[in-house]
Amino acid sequence: MIKIKNINKKFRDIEVLKSINIEVKEGEIHGIVGANGSGKTTLLNILFGHPNILKTGGYSGEIFINNLKSKISRPNDAIRLGIGMIHQEFAIIPEMTVAENIKIYRENTFKLTDKIFGKNLSYIDKSQNYIDTKSILKTFNIDLDPSLKVFNLSLNMKQFIEIAREIDRKDLKILLLDEPTAILNKEDTVSLISILKKLSKKGISIIYVSHKLDEVIALCERITVMRDGEIIKTYERQEFDSDNISENMMGYKVNKVINAQNREFKNILLKFNDFSVDIPGETVKNFNLDVYKGEIIGISGSYGRGNTALSWGIMGLHKTKGEIILNNKKLSNRNVSNILLNGIYMVPEDRRGAGLLLNHSVMENIIFTSLQMKNNFLMPYPFKLFSFINKQKSLDYSKKIIDQLNIKCSSALQKVNELSGGNQQKVCLARAITFDPEILFISEPTRGIDLGAKELILDMLISINKKKTTIIISSSEIDELKRICDRIIEV
């Protein structure tokens with residue numbers, strides 16, 4: 001169904017893909033794994049005609065779809081060839097409804113107006129679109145109002161909408177998935193995997209990119225390992241071995257981080273009393289919790305139970321009920337600035353939508369909150385009166401934390417939107433560390449990042465916790481929570 005022949009790609013002078021050759025059979029689920037920056041997403045973007053590929057000089061090599069040589073320059077080219085893609089960073093339109101996003105370009109129309117005006121100018125049958133959307137969401141056991149605007153929804157709900165949009169296509173022949181379960185819990189992942197197996201049996205070919213190696217091994221018939229833009233090896237099912245594959249991915253053996261267990265805590269730092277947050281698709285009701293100074297607490301739960309809603313509520317970004325007590329004082333004025341001034345910081349799960357200044361440099365992203373809220377990285381007096389940024393100090397500090405977190409970038413001045421998803425995640429954490437909060441809320445800290453980077457980030461969280469920061473982690477990765485948390489709360 002797909003033959004990728006000698007694909008090469010450069011960004012500026014950096015080779016990100018080097019002579020890539022992959023074949024995927026009809027109905028095959030083919031896994032692609034590798035460290036962050038290994039070229040996996042770039043390869044999928046070439047297959048789907050992402051505009052950035054053409055903007056940055058295109059690619060060399062050949063792509064054959066169903067034995068026909070195919071030129072893919074734009075998403076429209078890919079769609080006409082029957083290719084669909086579920087992106088790591090969502091390709092949905094926030095101001096449109098759930099139904100409008102799922103049925104986009106495939107809307108139901110009224111037959112009479114089709115005849116009068118033609119299909120392109122026909123009246124859209126919104127009622128039928130609503131019914132179709134309800135039906136496709138039921139596939140995932142999701143009961144959601146299709147008329148809701150997408151920007152109101154939680155991140156994992158947005159993920160399901162993106163998946164539903166592609167699965168709803170009747171002309172789908174090839175499905176590309178880039179980290180589709182990065183924010184899904186086990187229950188939701190099992191549901192998705194079941195659907196992918198059914199699609200495979202219908203003859204749809206699937207390329208599945210994920211850092212969750214156990215999941216890839218359970219799902220795929222073959223696995224291709226990439227590292228630094230090259231193919232290291234393709235494993236047949238009978239050769240699957242997680243230790244060998246992970247070592248090929250990283251180039252070294254990955255050791256899992258474990259925090260000291262059975263620590264004792266005495267002083268209550270933060271209290272939630274009958275706390276409620278209502279985000280569409282993500283709700284917390286009458287939540288009570290005492291958070292002790294110095295703890296690492298894990299928050300876990302199935303879809304819609306509110307495991308990521310707490311942080312949005314405490315930052316004053318959604319309406320809440322109940323009370324929050326910080327250091328024995330009621331936290332009443334909950335706007336973002338006031339919460340930050342109280343030493344509370346949030347790293348959101350949606351790094352691109354809410355966590356980063358995408359058109360700014362890595363350095364500007366790292367120092368931003370510390371600069372804005374604490375006046376750090378300013379020139380010494382008298383220049384401080386004019387708020388001049390100390391660029392050398394900012395640059396030196398940024399280089400240091402880039403090395404600590406192993407952020408892969410050409411320099412601290414590179415724009416964040418040019419980095420891979422995993423490295424963008426590290427920039428979010430670097431900004432949090434730079435702000436040096438008393439309490440850190442962090443959602444899905446290892447979403448979409450490779451095995452080595454996961455352990456690096458978990459180790460960094462343990463390190464900042466030992467210095468002074470109390471941490472509340474919302475995550476679908478139960479194994480990670482077990483290894484580093486003092487307590488895990490299920491919501």
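Residues numbered from 1 in each chain as written. Predicted model: local features only at pLDDT ≥ 70, side-chain atom pairs only at ≥ 80, totals over all residues. Heavy atoms only, no water.

J.: Quick one: what's the story with the packing of aromatic side chains, residue by residue and with numbers?
T.: Under the criterion given, the structure shown has six aromatic pairs. Between the aromatic rings of Phe140 and Phe160, the centroid separation amounts to 5.0 Å while the plane-to-plane angle is 50°, which identifies the pairing as tilted. Here the residue Phe140 occupies a position in the loop between helix 6 (126-138) and helix 7 (155-167), and Phe160 occupies one in helix 7, the gap between them amounting to 20 residues. Given a relative accessible area of 1%, Phe160 falls into the buried group. These aromatic residues form a ring-pair network of at least three members: Phe272, Phe275 and Phe287. Residue placement shows Lys374 over the ring face of Phe435; its charged tip is 4.4 Å from the ring centre. The ring of Phe377 carries the charged tip of Lys393 above its face, separated from the ring centre by 5.8 Å. (Phe/Tyr/Trp six-rings, centres within 6.5 Å; stacked < 30°, edge-to-face > 60°. Helix = DSSP H or I, 4+ residues; strand = E, 2+ residues; numbered from the N terminus. Buried < 20%, exposed > 50% of the residue type's maximum accessible area, 1.4 Å probe, protein only. Lys NZ or Arg CZ within 6 Å of the ring centre and 35° of its normal.)

J.: Requested: an account of the pattern of salt bridges, with residues and values cited.
T.: Scanning the model with the defined rule gives 23 salt bridges in all. A salt bridge links Asp168 to Lys103; its shortest N-O distance comes to 3.1 Å. Taken together, the residues span a long stretch of sequence, with Asp168 in the loop between helix 7 and strand 7 (174-178) and Lys103 in the loop between helix 4 (98-102) and helix 5 (111-117) at a distance of 65 residues. The same class applies to Asp168 and to Lys103, which are both buried. By sharing partners, the salt bridges in this structure join Glu162, Arg165, Glu166, Arg169 and Asp171 into a single network. (Salt bridge = Lys/Arg side-chain N within 4 Å of Asp/Glu carboxyl O.)

J.: Quick rundown of the sheet that holds strand 9 (residues 222-227)? Include the residues and the values.
T.: With mixed pairing, six strands are arranged side by side in an open sheet as 6-7-8-3-9-10. Edge positions in the sheet fall to strand 6 (83-86) and strand 10 (230-236), since each has one partner strand and no second. Strand-to-strand twist of the sheet, defined as the mean angle between neighbouring strand axes without regard to direction, takes the value 15°. Those strands touched by helix 7 are strand 6 and strand 7, and its axis lies near 175° from that of strand 6. (Pairing = 2+ DSSP bridges. Axes fitted to C-alpha atoms, helices over the stretch in contact; angles between N-to-C directions. Contact = heavy atoms within 4.5 Å.)

J.: Give a description of unusual backbone geometry that names residues and reports values.
T.: Of note, Asn6 is a non-glycine position whose phi angle comes to about 50°, a positive value. If you trace the backbone, Asn6 turns up in strand 1 (residues 2-11). Judged by relative accessible area, which is 38%, Asn6 ranks as partly exposed. If you check the backbone angles, Asn327 has positive phi at about 50° while not being a glycine. Its place among the elements puts Asn327 in the loop between strand 14 (320-326) and strand 15 (329-330).

J.: Which residues make up helix 1 (residues 40-48), and what are the values?
T.: Counted residue by residue, helix 1 has eight buried out of nine residues, so it is predominantly covered. Phi turns positive one or two residues past the end of helix 1, at Gly49, with a value near 70°.

J.: Residue-level account of the nonpolar core, with values.
T.: Counting 71 residues, the largest nonpolar core has Phe272 and Leu461 as the members making the most contacts within it. Look past the residues within four positions of Leu461 in its chain and what remains in contact with it is Leu429, Leu440, Ile442, Pro445, Ile471, Ile473 and Ile484. Ala35, Leu144, Cys220 and Ile223 belong to the second-largest nonpolar core, a separate cluster that totals 48 residues. (Core = buried A, V, L, I, M, F, W, Y, C linked by side-chain atoms within 4.5 Å.)

J.: Break down the sheet that holds strand 1 for me, with residues and values.
T.: Strand order across the open sheet formed by four strands is 2-1-4-5, with antiparallel pairing between neighbours. Each end of this open sheet is capped by a strand with a single partner; those strands are strand 2 (14-24) and strand 5 (68-69). Strand direction decides the pairing type here: strand 1 and strand 4 (residues 60-65), joined by five bridges, are antiparallel. Within strand 4, the position partnered with Lys3 by the bridge is Phe64.

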